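# Descriptive analysis of the structure
One letter stands for each residue in the lines below.
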Amino acid sequence: MTARACANIALVKYWGKRDALLNLPAEGSLSLSLAGLLTETTVQFVEGLAADELILDGVTAKTGEAGRVSEFLDIVRSLSGVQINARVTSRNSFPTASGLASSASGFAALALAATQAAGLELDGKALSRLARRGSGSAARSIFGGFVRMYAGIRDEDAYAEPLASPLVDSVRMVVAVIGGGAPKSHGSRDAMDHTAATSPLYRGWLDTVPKDLATAEAALAAGDLEKLGTLAEANAFAMHASAIAARPSVMYWRPATLAVIAEIQGLRACGMAAWCTMDAGPHVKVLTTEADAPTIAMRLRDLEGVTAVTITGAGPAAIAVDPTDIVTLPPPPAAE
Ligand code: 2P0
């Protein structure tokens, strides 16, 4: 079975866990699924396969990545009763493991493809909970548009669901790739645990999230992009501040990250709708409108250290793909 899922970019970030075994987030989060950042994954359970196999962007995956996928497939096997190993082939339309949310779209597509291959039909909530076991942000990539993730109290309550907003058709993200999409310096899983364990700002970060979620939900319901963008930028700075204050520091930013932030602040001072957010990598994603996106993209392309810029809008929910309708994804943007 083949499934396709969009990556998502959090506007209120997930950074810290309450339970590592069940991968329960410490707090909720809120995101936008993006049409231009796609993963397509095929899963076949194959008799006689000695171990699970993972081919990622045409290359046999390293032990760590394959191990994480195998552990996830173990959950699907226990749910379905299927006992045999699987061949997993996955392609991304963007650089993998560079802070562009590949684990979100990756585990969302894997959850859908693997459950269907194993003969299971899960509803959106159950799929979201399952995807969360692979990667917390993947719970959000099961759905399209704006999505809210609940931290919940138990395993059963920690899932995502879509949020309606009048902004969904007009919102755009300008994605500025910095450093050619090289693998990130710290994996987000270890980095968030390290932040929780050592950062004096972690408690303040956690206290911020529920208030930010309420503000973001109100902005979405009202169709107020300025309120949403202002909140998203502040939330991203708060998350990064907690990580930067970890001991030793988790610093994802590069000089070009700051150059993009300064450019966006300048454009905003000139009246443009533009707000920054950054994840576990140096790249900057700019929340904006359909009207302002082309100018922003043009300005960011001129900055030193920015290696690719793309404009994308809200993407759809994860879907199973008919094998005759499999698209060839465009190659990831090349480093210059
Ligand atoms: C987010 N990130 O909300 C935040 C912001 C990165 C920065 O979710 O350990 O790869 O697999 O649950 O989902 C990245 O964390 O972490 C992430 P795990 P995940 O998008």
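Report on the accompanying structure.

Reading the values: rules and limits
- Numbers given for residues are sequential positions, taken from 1 along each chain in its written order.
- In keeping with the predicted nature of the model, local features appear solely for residues at pLDDT of at least 70, side-chain atom pairs appear and are counted solely at 80 or more, and the whole-chain, interface and lining totals rest on all residues.
- Heavy atoms throughout the structure, all of them, feed into the side-chain values; hydrogens and water do not.
- A molecule or strand has a residue near it when one of that residue's heavy atoms lies within 4 Å.
- Two N or O atoms count as a polar contact when they lie within 3.5 Å, although within protein this holds only if one can serve as hydrogen donor and the other as acceptor, and sequence-adjacent residues are included solely when both atoms are side-chain atoms.
- Methods summary: accessible areas were calculated by the Shrake-Rupley approach with a probe of 1.4 Å, and residue burial reflects only the protein chains presented.
- Think of it this way: any DSSP run of H or I at least four residues long counts as a helix, any run of E at least two long counts as a strand, and we number them from the N terminus.
- Each residue receives one of three labels: charged for Asp, Glu, Lys and Arg, nonpolar for Ala, Val, Leu, Ile, Met, Phe, Trp, Tyr, Cys and Pro, and polar for the others, Gly being one of them.
- Domain ranges listed in this record stem from an automatic or a database domain assignment.
- All axes here are fitted lines through C-alpha atoms, helices being fitted over the stretch that makes contact, and every angle between N-to-C directions spans 0 to 180 degrees.
- Working rule for angles: under 35 degrees goes down as roughly parallel, over 145 as roughly antiparallel, 65 to 115 as roughly perpendicular, anything else as oblique.
- Left-handed is the label given to a crossing in which the near helix is rotated counterclockwise from the far helix by less than a right angle, and right-handed is the label when the rotation is clockwise.
- Contact criterion: two residues are considered in contact whenever any of their non-hydrogen atoms come within 4.5 Å of each other.
- Lining residues are defined by having an atom within 4 Å of a point belonging to a cavity or pocket. Those points lie on a 1 Å grid over the protein atoms alone, cavities being sets where a 1.4 Å probe fits but cannot get out and pockets being open sets with protein on both sides within 12 Å along at least five of seven lines.
- Grid points are joined across faces, edges and corners, and a volume is the space filled by probe spheres set on the points.
- To estimate the expected span of a helix, subtract one from its residue number and multiply by 1.5 Å.
- The classification of residues rests on relative accessible area computed with a 1.4 Å probe and restricted to protein chains. Under 20% of the type maximum is buried, over 50% is exposed, and intermediate values are partly exposed.
- In this context, the arc is that of the directions from the helix axis out to the C-beta atoms.
- Strand pairing is defined by DSSP finding a minimum of two bridges between the two strands.

### Regarding the site of the ligand
- What surrounds the ligand is a group of 19 residues, the closest being Tyr-14, Lys-17, Ser-135, Gly-136 and Ser-137.
- Between Ser-137 and the ligand, the recorded distance is 2.6 Å, taken from a side-chain N or O atom to an oxygen atom.
- About the coverage of the ligand: the protein hides 95% of its 460 Å² of free accessible area.
- A per-element tally of the shell around the ligand places helix H5 (residues 188-198) first, with 3 residues.
- A per-class count over the shell around the ligand returns 6 nonpolar, 7 polar and 6 charged.
- Counting contributing residues, the shell around the ligand receives three or more from each of domain 1 (2-166) and domain 2 (171-312).

### Examining the packing of helix H1 (residues 63-80) against helix H2 (residues 102-117)
- Between H1 and H2, whose axes approach to 10 Å, the crossing angle comes to 40 degrees. With respect to H2, the element H1 is oriented oblique. You can see that H1 and H2 cross each other, and the crossing is right-handed. Contacts between H1 and H2 involve Arg-68, Val-69, Phe-72, Leu-73 and Val-76 on the former and, on the latter, Phe-107, Leu-110, Ala-111, Ala-114 and Thr-115.
- Taken together, the residues of the contact of H1 with H2 sort by class into 8 nonpolar, 1 polar and 1 charged.

### Describing the layout of surface pockets
- Size it by volume and the second largest pocket reaches roughly 180 Å³.
- As for the second largest pocket, its lining consists of 13 residues, and the residues nearest its centre are Leu-21, Glu-71, Arg-133, Gly-134 and Arg-189.
- Contributions of two or more residues to the lining of the second largest pocket are made by H1, helix H3 (124-134) and H5.
- It is H1 that provides the largest number of residues to the lining of the second largest pocket, a total of 4 residues.
- Here the lining of the second largest pocket is built from residues that sort into 5 nonpolar, 2 polar and 6 charged.

### Notes on empty space enclosed by the protein
- Overall, the coordinates contain 1 cavity of 30 Å³ or more when judged by the stated rule.
- Approximately 30 Å³ is the volume found for the largest cavity.
- As for the largest cavity, its lining consists of Lys-13, Tyr-14, Trp-15, Gly-16, Ala-26, Glu-27, Gly-28, Trp-205, Leu-206 and Val-209.
- Within the lining of the largest cavity, the residues separate by chemical class into 6 nonpolar, 2 polar and 2 charged.
- Three or more residues apiece are contributed to the lining of the largest cavity by two domains, here domain 1 (2-166) and domain 2 (171-312).

### Re helix H8 (residues 255-269)
- Between its first and last C-alpha atoms H8 spans 21 Å; for 15 residues at 1.5 Å apiece the expected length is 21 Å, and the two agree.
- Listed in full, the buried residues belonging to H8 are Ala-256, Thr-257, Val-260, Ile-261, Glu-263, Ile-264 and Leu-267. Burial along H8 is one-sided: seen end-on, the buried residues are contained in an arc of 165 degrees. Turned more than 90 degrees from where H8 packs its buried face, Pro-255 and Ala-269 sit exposed.
- Phi turns positive, to about 100 degrees, at Gly-271, one or two residues after H8.

### A few points about the sheet that holds strand S13 (residues 306-313)
- The sheet built from 4 strands is open, its strands ordered S11-S12-S10-S13 with antiparallel pairing. Looking at the sheet topology across the chains shown, the edges are occupied by strand S11 (274-277) and S13. Along the sheet, successive strands turn relative to each other by an average axial angle of 25 degrees, direction set aside.
- Across 7 bridges, the pairing between strand S10 (residues 171-178) and S13 is antiparallel. Bridging from a neighbouring strand, Met-173 pairs with Thr-312 of S13.
- Of the strands in this sheet, S10, S11 and strand S12 (284-289) are in contact with helix H7 (residues 225-244), which crosses S11 at around 30 degrees.
- The strands that helix H9 (residues 293-301) touches are S10, S11, S12 and S13; relative to S13, the one it contacts most, it runs at about 170 degrees.

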